[in-house]
Amino acid sequence: MTSQPPDPAGHTTHNLAAFMPAEFWEFQARYDRAWLEYSRIHLGSAAAARRLVDGTFLYLATIWFRLEAMPNPGAHAWALFKQRVHGELEAQGRSPATTETLAFARALRAASEPLLNSFRASFHAEYGPEIAELEEGMGLYRQMTKLSERQFDVLILRDALGFDTKETALIMGIQEATVRSTRRTAKHRLAAAMGFQFDETADIPDTDVTDDTDKE
């Protein structure tokens, strides 16, 4: 069975359409936006992100039947995609946890905004508004780059890019409970690193309550 690709912006070369199965294009449609946004905030260029994502899908097309037979194709594809992002950054002399791009800085701020809100009153009371805004932002950015890779990715996908828990789990190839526990652990670690107790009532909880233990 073959199908035309979901190609709203000419994402993947059309010559694949003649022989790739519908399942491949469904896979591409499922992950394309998340991969594009994630790579864009790291590379700082929509065009570079588009090329990297398209190249990744082209490679996955060549190993599609092997990938499809794996126990967790999404997790394998996510790991491969991350390797390509890291490789591109290394080629540019940069690291994955860099704030050199404006998009990345904005993503960090969006992901840390719930913590900033809960910290703001304490900082303002002790230092005054102007110093507080500077210190809390810079401190959180530094601490976010020290999180485990999984914790960092969950915050970026879940809080900065706006994917819900189910979508984040699908993108990363992990359980929804792992997303919830990883997100909670990351925020507690950030709060502790900043010298504050994280006020969970300041954050919007997930509606489901299943839990899991973050291994990282």
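Residues numbered from 1 in each chain as written. Predicted model: local features only at pLDDT ≥ 70, side-chain atom pairs only at ≥ 80, totals over all residues. Heavy atoms only, no water.

Chemist: Now, about helix H9 (residues 176-193): what can you tell me, with residues and values included?
Modeler: Over its 18 residues, H9 extends 26 Å from the first C-alpha to the last, a length consistent with the 26 Å expected when each residue adds 1.5 Å. Turning to H9, its buried residues are Ala 177, Thr 178, Val 179, Arg 180, Ser 181, Thr 182, Arg 183, Ala 186, Lys 187, Leu 190 and Ala 191. Of the residues flanking the end of H9, it is Gly 195, one or two places downstream, whose phi is positive at about 85 degrees. (Helix = DSSP H or I, 4+ residues; strand = E, 2+ residues; numbered from the N terminus. Expected span 1.5 Å × (residues − 1). Buried < 20%, exposed > 50% of the residue type's maximum accessible area, 1.4 Å probe, protein only.)

Chemist: Explain the packing of helix H7 (residues 149-160) against helix H8 (residues 165-172) residue by residue, including any values.
Modeler: Where H7 meets H8, the closest approach of the two axes is 10 Å, and the angle between their N-to-C directions is 130 degrees. Considered as vectors, H7 and H8 are oriented oblique to each other. As H7 runs across H8, the sense of the crossing is right-handed. Residues Arg 150, Asp 153, Val 154, Leu 157 and Arg 158 of H7 form the contact with H8, whose own contacting residues are Thr 165, Thr 168, Ile 171 and Met 172. (Axes fitted to C-alpha atoms, helices over the stretch in contact; angles between N-to-C directions. Parallel < 35°, antiparallel > 145°, perpendicular 65-115°, else oblique. Left-handed = near helix turned anticlockwise from the far one by under 90°. Contact = heavy atoms within 4.5 Å.)

Chemist: Report on the environment of Ser 112, specifying residues and quantitative values.
Modeler: For Ser 112, the location among the structural elements is in helix H5 (residues 102-127). Residue classification places Ser 112 among the buried positions, given a relative accessible area of 1%. Distance from Ser 112 to Leu 155, taken between C-alpha atoms, is 8.0 Å for residues 43 residues apart in sequence.

Chemist: Residue-level account of the environment of Glu 113, with values.
Modeler: With respect to the secondary-structure elements, Glu 113 resides in helix H5. Glu 113 gets classed as partly exposed once you look at its relative accessible area, which sits at 26%. Between the C-alpha atoms of Glu 113 and Ala 160, which are 47 residues apart in sequence, the distance is 9.0 Å.

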